[in-house]
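# Coordinate analysis (summary)
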Amino acid sequence: MTDDTRIEPSGPTAAERTATRVRWSDVPAPLKWLVPAVGVGIFLLIALPIAMIIGRDGFLADSIRATNPTLELRHMEFAINASIIYAVVLHALDVVLSIWLVIKVLQGRQWARIALSAYLLIATFFSLYSVAAGSAYLWAVIPGDSIHVIMLILLWAPRSVRQFFAAHSGHRQNPQGQTA
């Protein structure tokens, strides 16, 4: 004797979840520009630690001496290595975070739009700290901050973007009115 009774899941079906996915053609043009913008930002995030490694005895040592002129020579090597490690780890996290957030933004996630905006504002603020360490970093800070401002404008200013997020926040509600 077999039992042919099946219990249907109460949540959205796989087809319904798939239907709410965003197609590239549905993404507004201003949001599509986030992809090359984040690409340039990633290039700069990778280039800066590499430049620090190459210029460890030049501009990096000079910027450390400028902020701490009384640093003993025996502590300089530690300060240089610590600066490089800090930059590599921080920038690697920035690369992963920015890629992930842009992907989520392109999927119409409002929380990702807010989180990416907060990240861009914080990153811009801390890049100004890098400039305070020395003008040798201007080549990365100026284009990086420009990219941040452009991305913020793309996230909030265009009407098509605002409509995109408004439409997608409505798609995430199931028939019972609960958010998915």
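Residues numbered from 1 in each chain as written. Predicted model: local features only at pLDDT ≥ 70, side-chain atom pairs only at ≥ 80, totals over all residues. Heavy atoms only, no water.

### Focus on the overall build of the protein chain
Counted only if it meets this: Only runs of H or I of at least four residues qualify as helices and only runs of E of at least two qualify as strands under DSSP, and these elements are numbered from the N terminus. Type-normalised accessible area, obtained with a 1.4 Å probe on protein chains alone, sets the label of each residue: buried when under 20%, exposed when over 50%, and partly exposed for intermediate values. Throughout, a contact is declared for two residues whenever any of their heavy atoms are within 4.5 Å. Shrake-Rupley sampling with a 1.4 Å probe provides the accessible areas, and residues are treated as covered by the protein chains on show and by no other component.
Of the regular secondary structure elements, the protein chain holds 8 helices and 0 strands. The helix and strand sequence of the protein chain, counted from the amino end, reads α-α-α-α-α-α-α-α. Looking at the 180 residues of the protein chain, the share that counts as buried comes to 35%. Long-range pairs, those at least 24 residues apart, make up 69% of the contacts in the protein chain with a sequence separation of at least 6. Taken as a whole, the protein chain presents about 11600 Å² of accessible surface, with 67% of it coming from carbon and sulfur.

### A few points about the nonpolar core
Filter applied, for reference: What we call a nonpolar core is a set of buried Ala, Val, Leu, Ile, Met, Phe, Trp, Tyr and Cys residues that are connected through their side-chain atoms within 4.5 Å.
Core analysis: the largest hydrophobic core is formed by 25 residues, its most contacted members being Leu31, Leu34, Val105, Leu116 and Met151. Taken together, the elements giving at least two residues each to this core come down to α3 (34-54), α5 (73-106), α6 (110-133), α7 (138-156) and α8 (159-171). Those residues in contact with Leu116, other than ones at most four positions away along the chain, are Leu101, Val102, Val105, Met151 and Leu155. Ile64, Met76, Ile80 and Val141 belong to the second-largest nonpolar core, a separate cluster that totals 13 residues.

### Describing the pattern of salt bridges
Applicable threshold: By definition here, a salt bridge exists when the distance from a side-chain nitrogen of Lys or Arg to a carboxyl oxygen of Asp or Glu is within 4 Å.
Using the criterion set out here, one finds 4 salt bridges in the structure. Here Arg74 and Glu72 are joined by a salt bridge, their closest N and O atoms 2.7 Å apart. On the basis of relative accessibility, which here comes to 65%, the residue Arg74 falls in the exposed class.

### What to know about the packing of α3 against α7
Short version of the rule: Inter-axis angles, ranging from 0 to 180 degrees, are taken between N-to-C directions of lines fitted to C-alpha atoms, where helices are fitted over the stretch in contact. Note on angle classes: values under 35 degrees are labelled roughly parallel, values over 145 roughly antiparallel, values of 65 to 115 roughly perpendicular, and the remainder oblique. Each crossing gets its hand from how the near helix is turned against the far one by less than a right angle, where anticlockwise is left-handed and clockwise is right-handed. Following the grouping adopted for this structure description, the nonpolar residues are Ala, Val, Leu, Ile, Met, Phe, Trp, Tyr, Cys and Pro, the charged ones are Asp, Glu, Lys and Arg, and the polar ones are all others, Gly among them.
In contact at an axis separation of 10 Å, α3 and α7 are set at 155 degrees when each is read in the N-to-C sense. Taken together, α3 and α7 sit at an angle that is classed as roughly antiparallel. Crossing handedness for the pair α3 and α7: left-handed. On α7, the residues that touch Leu34, Ala37, Val38, Val40, Leu44, Ala47, Leu48 and Ala51 of α3 are Trp139, Ala140, Pro143, Gly144, Ile147, Met151, Leu154 and Leu155. In terms of residue class, the contact of α3 with α7 is built from 15 nonpolar, 1 polar and no charged.

### Observations concerning the confidence of the model for the protein chain
We apply this condition: Every residue is assigned a pLDDT by the predictor, reflecting its confidence on a scale from 0 to 100.
Overall, the predicted model of the protein chain reaches an average pLDDT of 85, with 82% of residues at or above 70. Here helix α1 (residues 14-19) stands out as the element of the protein chain with the lowest mean pLDDT, 45, in contrast to helix α2 (residues 29-32), whose mean of 96 is the highest. For residues 14-19, every residue scores under 50 in pLDDT, and the model assigns this stretch 2 contacts once sequence neighbours within four places are set aside.

### Brief notes about the side chain of Ser98
Going by this rule: In protein, a polar contact requires one atom able to donate a hydrogen and another able to accept it; more generally it is a pair of N or O atoms within 3.5 Å, and residues adjacent in sequence count only if both atoms are side-chain atoms.
Following the sequence through the fold, Ser98 ends up in helix α5. According to the relative accessible area criterion, Ser98 is buried, its value standing at 4%. A distance of 3.1 Å separates the side chain of Ser98 from the backbone oxygen of Val95, its partner in a polar contact. The residues contacting Ser98, other than those within four sequence positions of it, are Val38, Ile42 and Tyr119.

### Re α3
Put simply, the rule is: Given the number of residues in a helix, its expected span is that number minus one, multiplied by 1.5 Å.
Taking 1.5 Å per residue as the helical rise, α3 with its 21 residues ought to reach 30 Å, and the 30 Å between its terminal C-alpha atoms agrees with that figure. By the burial criterion, the buried members of α3 are Leu34, Ala37, Val38, Gly41, Ile42, Leu44, Leu45, Ala47, Leu48, Pro49, Ala51 and Met52.

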